[in-house]
2 protein chains.
Amino acid sequence: MIKQIPGGVCAPKGYTAGGIYCGIRKRNDKNDLAMIFSEVPAHAAAVYTTNLVKGAPLTVTKNHIADGVAQAVICNSGNANTCNSNGLEIAEQMSALAAEQLGISSNDVIIASTGVIGQKLNIAPVANHITELAASLSQEGEDEAAKAIMTTDLVMKKIAVEFEIDGKICRLGGIAKGSGMIHPNMATMLVFLTTDTAISAPMLQKALSHDVQKTFNMLSVDGDTSTNDMVSIMANGLAGNKEITEEGPAFDIFMKALNTVTISLCRTIAGDGEGATKLLECDVTGAADEKTASVVAKSVITSSLIKAAMFGADANWGRVLCAIGYSGADLNVNKVDVAFKSAKGIIPVCKNGAGVDFSEEIAKKILLEKEITILVELNSGSASATAWGCDLTYDYVKINGDYRS
Amino acid sequence: MIKQIPGGVCAPKGYTAGGIYCGIRKRNDKNDLAMIFSEVPAHAAAVYTTNLVKGAPLTVTKNHIADGVAQAVICNSGNANTCNSNGLEIAEQMSALAAEQLGISSNDVIIASTGVIGQKLNIAPVANHITELAASLSQEGEDEAAKAIMTTDLVMKKIAVEFEIDGKICRLGGIAKGSGMIHPNMATMLVFLTTDTAISAPMLQKALSHDVQKTFNMLSVDGDTSTNDMVSIMANGLAGNKEITEEGPAFDIFMKALNTVTISLCRTIAGDGEGATKLLECDVTGAADEKTASVVAKSVITSSLIKAAMFGADANWGRVLCAIGYSGADLNVNKVDVAFKSAKGIIPVCKNGAGVDFSEEIAKKILLEKEITILVELNSGSASATAWGCDLTYDYVKINGDYRS
């Protein structure tokens, strides 16, 4: 059984975290530098953006964890350290500064940056405050770390769960930064996960790579795929279970725990999308195969017109059918049923590809809720998929009309 | 030489047009029914949306012009006659009503509808006003027709050009409805073209199919592909030139005239995109091949983040590089140069994939203009492509938050 518990990356044994304002961001109203530390070396895995333009920190992280081991994370907000002339150099310097403070190898540091693309990152603020950052590490420091990786996020994103493997209590926690430039065509946004489960590096990578296909890869805020997206996970083995080295019941429990954490983070990221007032979920069922279900769910959740209609609580289901039609999936549109669901109820709006009479009043009541599910039944098989997103609002435009200032 | 002249679909010889309010739209502040008529049967061609969900009028039009001949267009706004149970029936009834009034075969009618998807279209308003519509036909009626096909468009879209083939004066004109649900993955939006050039039906189809690849297929307002998009053209031969039946100099002139009209309509549609305050153009040069150039140009013009930045006159070129990176095109991002251009000047912002110092003040001045060109040089070949779009604004959200009311 997977049980949610308080906390985030410090919930599992042996982890501390911290966050400070060092001066990378212009305004000092929010932290801009985060650190997570495992008291012992941990197995590590990560997935990265599929954007051809890749942030320098991703390249450095990839090299550092090629041996399957990491012991710390350092991450700044305010500057993505991407598309500039000295990104790799700066990312290596940041890693070295962190490693020196922590008494570990620079090669065991996971490094990430988020913020404006294309400006040089000045290492001075980091160098001047690295001792302060290391000193901030504590079991209570995870909120400060979670705040430090936020950009336009309004809500701090963390979660932790507890589960049992071999009679040992294991924990898995995470923090995330979401908000904008989020699209399902690739890896994902910034997410740092920690666990005390003992699991081999290859199985950890396998679990993560498999999980993101159905979680972070099914999440869209604005259809833009970031250059700096990454999900990393460290597993330090301090729970004391027999190390998971192959598929089987223990791996299944671990996968389920991981999935509980990542789905929760997905929903939080979507609901806190830039300018969002609503969390949208699209559940596609009855698909001929998983690929079809996934393509349809992502097409619906990505449509600007559907997102704007949901902002206006307008049951404009024609746009849903339209998005299914242009998704590229091979399906029979004359078999498609559509319904809207929320805490206030469920209302069918389309049957066999054509409109059905429905009460606009009830539809409005349902769509005025904060969490809306768009149900799409393809009536062509038994595969299903879920995608998450948010509505498109005035504030999305406002936030992105002048992001750099 | 292609010369722009006043007028639209009635500029070529032998065409009349008209538009009225018949009651399909709730509010009578705008026409909702349009007609275009050629005094003699014309060769006809069309391209259609690639959306699997296709409006009933498209299916009917496809059947009607399968023989390469048409003589009239009827088009309503306010209801797309799509995703309902009796769409085909209603579309055939509308065609028959038009044909009866005009004394032509129902099989020679091009029919189109635009508006809300998924509601039944009541034929009564059309039946009750079809005589009035036919009576409204005149050479001066093209503006009333152009207004009748508008939905959320703010600007009436028409243009005409004059050119010479075989020493005969030929003309080609068009009207368009644009505004929302426009994306380059497919055919296009509603465009009705007329010409008095004599050209065979197969060559007319060839010209149109080829032209849209570089014009309407390179246009994006919101990334949504409509169910009802169509571009049709009628060519009645009254200019008296020798009928164009194969490629050659005459066909080249015709193609150029067609392209002049369609590019002008593309720019007008993009600049009048829902809520738009700016026309955006992305010119990609130096690509290894046309496909790469086209994919990159469309990715840039479609990015919500770039569109929002342009609304805010923010020279956030990192988002341009980002959109190039996730376009799916195979290219070397370290060779990419980016510049912004408008009537106020040109400013390079990125060289070899990295930022260059630039004056924010000058950039702002350039980006505050109404027409912005984003220049992308890939430095990898000699192929090029252009795409058109618009900025993303508060008003886009407003317009689409409650479209059906």
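Residues numbered from 1 in each chain as written. Chains lettered and ligands numbered in written order. Predicted model: local features only at pLDDT ≥ 70, side-chain atom pairs only at ≥ 80, totals over all residues. Heavy atoms only, no water.

This brings us to the nonpolar core. Within the largest apolar cluster, 82 residues are counted, with the highest numbers of intra-cluster contacts made by Phe216, Phe254, Phe340 and Val376 of chain A. Top element by residues in this core is helix H6 (residues 249-271) of chain A. It accounts for ten residues. Membership of the second largest hydrophobic core comes to 81 residues, among which are Val191, Leu208, Ala329 and Ile347 of chain B. (Core = buried A, V, L, I, M, F, W, Y, C linked by side-chain atoms within 4.5 Å. Buried < 20%, exposed > 50% of the residue type's maximum accessible area, 1.4 Å probe, protein only. Helix = DSSP H or I, 4+ residues; strand = E, 2+ residues; numbered from the N terminus.)

Take the side chain of Asp391 of chain B next. Residue and element names in this part refer to chain B. Topologically, Asp391 is positioned in the loop between strand S15 (383-390) and helix H11 (394-401). Within the buried core, Asp391 has no salt-bridge partner, and the shortest N-O distance to an opposite charge, that of Lys278, equals 5.6 Å. Looking at Asp391, its side chain comes within polar contact range of the main-chain nitrogen of Lys278, at 3.1 Å. In this view, Asp391 contacts Ala276, Thr277, Lys278, Leu280, Lys307, Met310 and Phe311; residues no more than four positions away in its chain are not counted. (Lys, Arg positive; Asp, Glu negative; His and termini not counted. Salt bridge = Lys/Arg side-chain N within 4 Å of Asp/Glu carboxyl O. Polar contact = N/O pair within 3.5 Å; in protein donor to acceptor, adjacent residues only side chain to side chain. Contact = heavy atoms within 4.5 Å.)

Further remarks concern the packing of aromatic side chains. Residues and elements named next belong to chain A. Under the defined criterion, the tally for this structure stands at three aromatic pairs over all chains. Seen in terms of ring centroids, Phe163 and Phe254 are 6.5 Å apart; in terms of plane orientation they differ by 65°. Their pairing is edge-to-face. Placement of the pair is Phe163 in strand S6 (residues 157-165) and Phe254 in helix H6, with a sequence separation of 91 residues. On the accessibility criterion, Phe163 (2% relative accessible area) is buried. (Phe/Tyr/Trp six-rings, centres within 6.5 Å; stacked < 30°, edge-to-face > 60°.)

Bringing the sheet that holds strand S10 (residues 279-287) of chain B into the picture now. Residues and elements named next belong to chain B. On the basis of which strands lie adjacent, the open sheet formed by six strands has the order S13-S12-S11-S14-S10-S15 and mixed pairing. Of all strands in the sheet, those bounded by a partner on one side alone are strand S13 (354-355) and S15. The sheet contact formed by strand S12 (residues 345-351) and S13 spans two bridges and is antiparallel. Across the sheet, the residue bridging to Cys350 is Gly355, located in S13. (Pairing = 2+ DSSP bridges.)

It is worth spelling out the relation of the copies chain A and chain B at this point. It takes a turn of 180° to lay chain A on chain B, together with a shift of 0.0 Å along the axis; the resulting RMSD is 0.0 Å. What the superposition gives is, in effect, a two-fold axis relating one chain to the other. Minimal C-alpha separation from the rotation axis in chain A is found for Tyr394 of chain A, amounting to 2.3 Å. A high fraction, 100%, of the interface residues of chain A reappear at the interface in chain B, so the copies pair face to face through one surface. (Least-squares fit on C-alpha atoms with pLDDT ≥ 70 in both.)

Residues and elements named next belong to chain A. With 96% of its residues at a pLDDT of at least 70, chain A reaches an overall mean of 91. Here residues 184-188 is modelled with pLDDT under 50, and outside its nearest four sequence neighbours on either side it reaches 24 contacts, counting other chains as well. Scored as a complex, the prediction yields pTM 0.80 and ipTM 0.71. (pLDDT = per-residue confidence, 0-100.)

All right, on to unusual backbone geometry then. For residues besides glycine, phi is generally negative; the peptide bonds are generally trans as well. For Asn81 of chain A, which is not glycine, the phi torsion reads 50° and is therefore positive. Considering the arrangement of structural elements, one finds Asn81 of chain A in the loop between strand S4 (69-79) and helix H2 (87-102). The backbone of Asp166 of chain B sits at a positive phi, close to 55°, despite the residue not being glycine. Positionally, Asp166 of chain B belongs in the loop between strand S6 (157-165) and strand S7 (168-177).

Residue and element names in this part refer to chain B. Summarising burial for strand S8 (residues 190-195): six of the six residues are buried, a large majority. Here S8 shows a buried face lined by Leu190, Phe192 and Thr194 and a second buried face lined by Val191, Leu193 and Thr195. As paired elements, S7 and S8 share six bridges and run antiparallel to each other. In the sheet register, Ile175 faces S8, and the bridge partner there is Phe192. Relative to strand S9 (residues 230-235), S8 is paired through six bridges, and the arrangement is parallel.

This part is about the interface of chain A and chain B. Each partner contributes to the interface: chain A provides 52 residues, whereas chain B provides 52 residues. Counting each side, the surface lost to burial between chain A and chain B is near 4100 Å², with a carbon and sulfur contribution of 59%. Scanning the region where chain A abuts chain B turns up zero salt bridges. At the junction of chain A with chain B, the criterion picks out eight residue pairs in polar contact (both at pLDDT 80 or more). Elements with a contribution of two residues or more to the side of chain A that touches chain B: helix H8 (304-311), helix H9 (318-325), strand S13 (354-355) and helix H11 (394-401) of chain A. A breakdown of the residues in the side of chain A that touches chain B according to their chemical character gives 24 nonpolar, 19 polar and nine charged. (Buried area = accessible area lost by both parts, 1.4 Å probe. Nonpolar A, V, L, I, M, F, W, Y, C, P; charged D, E, K, R; others polar.)

Since there are 3.6 residues in each turn of an α-helix, residues three or four apart along the chain are aligned in direction. Residues and elements named next belong to chain B. Within helix H10 (residues 360-367) the residues assigned to the buried category are Ala363, Ile366 and Leu367. With its buried residues spanning 90° around the axis, H10 presents them on a single face. Of the residues in H10, the exposed ones pointing more than 90 degrees away from the buried face are Glu361 and Lys365. Packed against the buried residues of H10 are helix H8 (304-311), strand S11 (337-342), S12 and strand S14 (371-377). (Arc of directions from axis to C-beta.)

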